[in-house]
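Spelled out from the first residue to the last, the chains are:
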Amino acid sequence: TIGGTTWLGRGCDEGVCGARKISFDGKTFVDVKIEATSEVRAVTFAAKSHRGFVVADHTADGRLSIYVSAPSSPVFSKTKMLDLDAREYGPVTATVDDEGVLRVGACRYEGDACLLFAFREGKLESKRRLDATHALALVGKRGMWLTAGGLAVETADGGASWSFVAFPGDREDLECNV
């Protein structure tokens, strides 16, 4: 649940996708309409604009893409904002900050690197490579990046700058939340 919007559902398993539902009022759930062959990797919502964002694999073309809904709509349409080879990327994280900037972190399976994208009004604002990445988590403008060497790095400005910090948690369960 983000900004009063709740998403229920799971991804796909060998091409079979489970039911996905969304509620904008916390009471009534309706079916999400997104390409059936899309395996959902990350979901986030913009509280001010009431738009939803889904990062998913489009299994027909093997691409990792961003799907966007109209305000308070359960219908998600594929955009051209992101186009990555889904087979090369594992964990994905997504968030929208108070200014409406969508941030997506996509971590490669091989090469220990993540790409951090920022989109404003559907246009790429910035792209940054985070080397030696073990894990990445984002919420709003805040984020944490764990390096493969065990160092923790934090941002409070959407990834424009990063600072080393202590990390007492479990490296396998990195999660940022509000």
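Residues numbered from 1 in each chain as written. Predicted model: local features only at pLDDT ≥ 70, side-chain atom pairs only at ≥ 80, totals over all residues. Heavy atoms only, no water.

A.B. asks: Run through the overall build of the chain, naming residues and quoting values.
C.D. replies: Scanning the chain for helices and strands turns up zero helices and 18 strands. A total of 178 residues make up the chain; the buried ones form 45% of that total. Considering only contacts within the chain whose residues lie at least 6 apart along the sequence, 29% involve residues at least 24 apart. When the accessible area of the chain is evaluated, it comes to approximately 9,500 Å², of which 50% is carbon and sulfur surface. (Helix = DSSP H or I, 4+ residues; strand = E, 2+ residues; numbered from the N terminus. Buried < 20%, exposed > 50% of the residue type's maximum accessible area, 1.4 Å probe, protein only. Contact = heavy atoms within 4.5 Å. Areas by Shrake-Rupley, 256 points an atom, 1.4 Å probe, with all protein chains shown as cover.)

A.B. asks: Before we move on, can you summarise the side chain of Ser65 with the specific residues and values?
C.D. replies: For Ser65, the location among the structural elements is in strand β8 (residues 63-69). With a relative accessible area of 2%, Ser65 lands in the buried category. Every residue in contact with Ser65, bar those within four places of it in the chain, is listed here: Val54, Val55, Ala56, Lys78 and Leu82.

A.B. asks: Residues and numbers for the sheet that holds strand β16 (residues 142-147), please.
C.D. replies: Taken together, four strands build an open sheet; the order of strands is β15-β16-β17-β18 and the sheet is antiparallel. Either end of the sheet is taken by a strand with one partner, and the two such strands are β15 (133-139) and β18 (163-165). Neighbour-to-neighbour, the strand axes of this sheet turn through a mean angle of 25 degrees, independent of strand direction. Looking at chain direction, β15 and β16 are connected through six bridges and run antiparallel. By the bridge assignment, Val139 is partnered in β16 with Arg142. (Pairing = 2+ DSSP bridges. Axes fitted to C-alpha atoms, helices over the stretch in contact; angles between N-to-C directions.)

A.B. asks: Lay out the nonpolar core in plain terms, naming residues and giving numbers.
C.D. replies: Val55, Leu64, Ile66, Leu82, Leu102, Val104 and Phe119 are the most contacted members of the largest nonpolar core, which has 21 residues in total. For this core, the elements supplying multiple residues, two or more each, are β6 (38-46), β7 (51-58), β8, β11 (89-96), β12 (102-108) and β13 (114-120). It is β11 that provides the largest number of residues to this core, a total of four residues. Sequence-distant contacts of Leu102, defined by excluding residues within four places in its chain, comprise Thr44, Phe53, Ile66, Met81, Thr95, Val96, Phe117, Ala118 and Phe119. (Core = buried A, V, L, I, M, F, W, Y, C linked by side-chain atoms within 4.5 Å.)

A.B. asks: Tell me about the pattern of salt bridges, residues and numbers included.
C.D. replies: Summed over the entire model, instances satisfying the criterion amount to 12 salt bridges. Notably, a salt bridge pairs Arg103 with Asp97, separated by 2.6 Å at the nearest N-O pair. One exposure class covers both Arg103 and Asp97, and it is buried. Put simply, Glu99 and Lys141 hold a salt bridge, and the shortest N to O gap is 2.9 Å. Taken together, the residues Glu99 in the loop between β11 and β12 and Lys141 in the loop between β15 and β16 connect sequence positions 42 residues apart. (Salt bridge = Lys/Arg side-chain N within 4 Å of Asp/Glu carboxyl O.)

A.B. asks: Would you mind going over the packing of aromatic side chains in detail, with residue names and values included?
C.D. replies: Taken as a whole and judged by the stated rule, the model has two aromatic pairs. Here the aromatic rings of Phe117 and Phe119 are separated by 6.1 Å at their centres, their planes lie at 15 degrees, and the arrangement is stacked. Taken individually, Phe117 and Phe119 each receive the classification buried, so the pair is uniform in this respect. Here Trp145 and Trp162 contribute two aromatic rings whose centre-to-centre distance is 5.4 Å and whose plane-to-plane angle is 85 degrees, an arrangement assigned as edge-to-face. Here Trp145, found in strand β16, pairs with Trp162, found in the loop between β17 (152-155) and β18; they are 17 residues apart in sequence, far enough to count as distant. (Phe/Tyr/Trp six-rings, centres within 6.5 Å; stacked < 30°, edge-to-face > 60°.)

A.B. asks: Mind laying out the sheet that holds β11, listing which residues take part and the relevant values?
C.D. replies: Ordered by their spatial adjacency, four strands build an open sheet running β11-β12-β13-β14, and the pairing between neighbours is antiparallel. Looking at which strands have only one partner, the edges of the open sheet turn out to be β11 and β14 (123-130). Ignoring which end each strand starts from, the neighbouring axes of this sheet average 15 degrees apart. Looking at chain direction, β13 and β14 are connected through seven bridges and run antiparallel.

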